[in-house]
Amino acid sequence: MLQTSYEAKTKDLWVFIETKDGKARNVGLELLNPGRRLAAIQGGKTVALVVGYNCEEAVKEAIAYGADKVLVVDDEVYSHYSTDAYTAAIVHCVEADCPTTILMGASPMGRDLGPRVAGRLKTGLTADCTSLDIDEATGKVAWTRPAFGGNLMATILCPFTFPQIGTCRPGVNKKLEPDYSRTAEVEKVDFVFPADQIRIKVIETIAEEGEKVDLEGADIIVSGGRGLGGPEGFDTTIKPLADALGAVVGASRAAVDAGWIPHSHQVGQTGKTVGPKLYVACGISGAIQHLAGMGSSDFIVAINKDAEAPIFGVADLGVIGNLYDVCPALTKLILADKD
């Protein structure tokens, strides 16, 4: 008989932990933070689902970052990501013990895997979420994501089918402080997908060339926007300030679309979602698309000559002035303090 829907067998919440070379990727570890909060409200455990090869290190990391239990699907067939194998592994686990909720990263892997898993399980999927909560009226997960080109934020419920599945942007959630003294139940799932049924195989891995911009892992970001007026502003103003702070250079979509700086520097809905300790926005008005990508920063400094700019609404410290006056003066003060 064809399975038409699944019923939640537990109140547990699962977090899919992406792996690379047996180690956990940041996006899954980040999701253990909201995962623990939501699982506690739902009255269940936070379960890390690890799929990969030689994943002992990833299992230890998942426990250290908050998992109450770890399900492990570990075999050489999962050494490289494939939609076929990973989907089958996750569906197999759900069929055995369907949780109420599954969180995945809105990474290249998660964007591919999430819809396929949801389709197989005949349940809904809310993609590219920037905020997670529990709806008080229904007890279901309230998934919040940008909508209509990022011009508003929509909150979506999946009230009729289980598991509830959503992909969440990397960098939105902060990882918990790791505690490697924690212990948790580890369950090895005996499921090996037939290698000859994987329709796409990795032939060669080519290292990425060109400038590497680690916005998601940066503690400090200095970003420039339309207010720079041209590409030279990044070289003469933004980069010197970033160098003085030991920061990574970011940019708004307007600056990237104008061709002033490569897309790899873009912060926002169509760029990277970041959560640094310090975010300095220079000449950025603060459109909702940009705020969706940096709103979770610990401390936000805004420099803009327009006192009505929306960026001041989220800034912890606002400087109203010409960035070409303010930034060099700030750079000079920072360098003088270092001397």
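Above this text is the structure in question.
Residues numbered from 1 in each chain as written. Predicted model: local features only at pLDDT ≥ 70, side-chain atom pairs only at ≥ 80, totals over all residues. Heavy atoms only, no water.

1. Some words on the layout of surface pockets
Rolled over the atoms, a probe with the dimensions of a water molecule shows which regions are left empty.
No. 1: Volume-wise, the second largest pocket comes out at about 420 Å³.
No. 2: Lining the second largest pocket are 24 residues, with R226, G227, G283, I284 and S285 positioned closest to its centre.
No. 3: Counting only elements with at least two residues in the lining of the second largest pocket, the list comes to α6 (253–257), α7 (288–294), β16 (299–304) and α8 (323–338).
No. 4: Classifying every residue of the lining of the second largest pocket by side-chain character gives seven nonpolar, 14 polar and three charged. (1 Å grid on protein atoms, 1.4 Å probe; cavity = no way out; pocket = protein on both sides within 12 Å on 5 of 7 lines; lining within 4 Å. Points joined across faces, edges and corners; volume = space filled by probe spheres on them. Helix = DSSP H or I, 4+ residues; strand = E, 2+ residues; numbered from the N terminus. Nonpolar A, V, L, I, M, F, W, Y, C, P; charged D, E, K, R; others polar.)

2. A look at the sheet that holds strand β11 (residues 164–168)
No. 1: A sheet is described by the order of its strands in space; here seven strands give the open sequence β7-β11-β6-β1-β4-β5-β12, paired in parallel fashion. Looking along the sheet, the strands with just one partner apiece sit at the ends: β7 (125–129) and β12 (185–188). On average, adjacent strands in this sheet sit at an angle of 20 degrees to one another, irrespective of strand direction.
No. 2: Two elements, strand β5 (residues 69–74) and β12, share four bridges in a ladder whose sense is parallel. (Pairing = 2+ DSSP bridges. Axes fitted to C-alpha atoms, helices over the stretch in contact; angles between N-to-C directions.)

3. Side note on the nonpolar core
No. 1: Membership of the largest hydrophobic core comes to 32 residues, with the highest contact counts inside it found for W14, F16, L49, Y78, Y86, I90 and V94.
No. 2: Listed by contribution, the elements that provide at least two residues to this core are β1 (13–17), β4 (46–52), β5, α3 (83–96), β6 (101–105) and α4 (108–121).
No. 3: The residues contacting I90, other than those within four sequence positions of it, are F16, L49, M104, L113 and V117.
No. 4: By size, the runner-up hydrophobic cluster in this structure holds 28 residues, among which are L31, V50, C129 and W143. (Core = buried A, V, L, I, M, F, W, Y, C linked by side-chain atoms within 4.5 Å. Buried < 20%, exposed > 50% of the residue type's maximum accessible area, 1.4 Å probe, protein only. Contact = heavy atoms within 4.5 Å.)

4. Topic: the sheet that holds strand β8 (residues 131–134)
No. 1: In spatial order, the strands read β8-β9-β10; together these three strands make up an open sheet with antiparallel pairing. Looking at which strands have only one partner, the edges of the open sheet turn out to be β8 and β10 (152–156). The mean inter-strand angle of the sheet, taken between neighbouring strand axes irrespective of direction, is 30 degrees.
No. 2: The sheet contact formed by β8 and strand β9 (residues 141–147) spans four bridges and is antiparallel. Bridge pairing in β9 places S131 opposite T144.

5. Comments concerning the environment of G114
No. 1: Relative to the elements of secondary structure, G114 occurs in helix α4.
No. 2: Along the backbone, G114 and I165 are 51 residues apart, and their C-alpha atoms lie at a distance of 7.6 Å.
No. 3: When sequence neighbours within four positions are dropped, the list of residues in contact with G114 reads M104 and L125.

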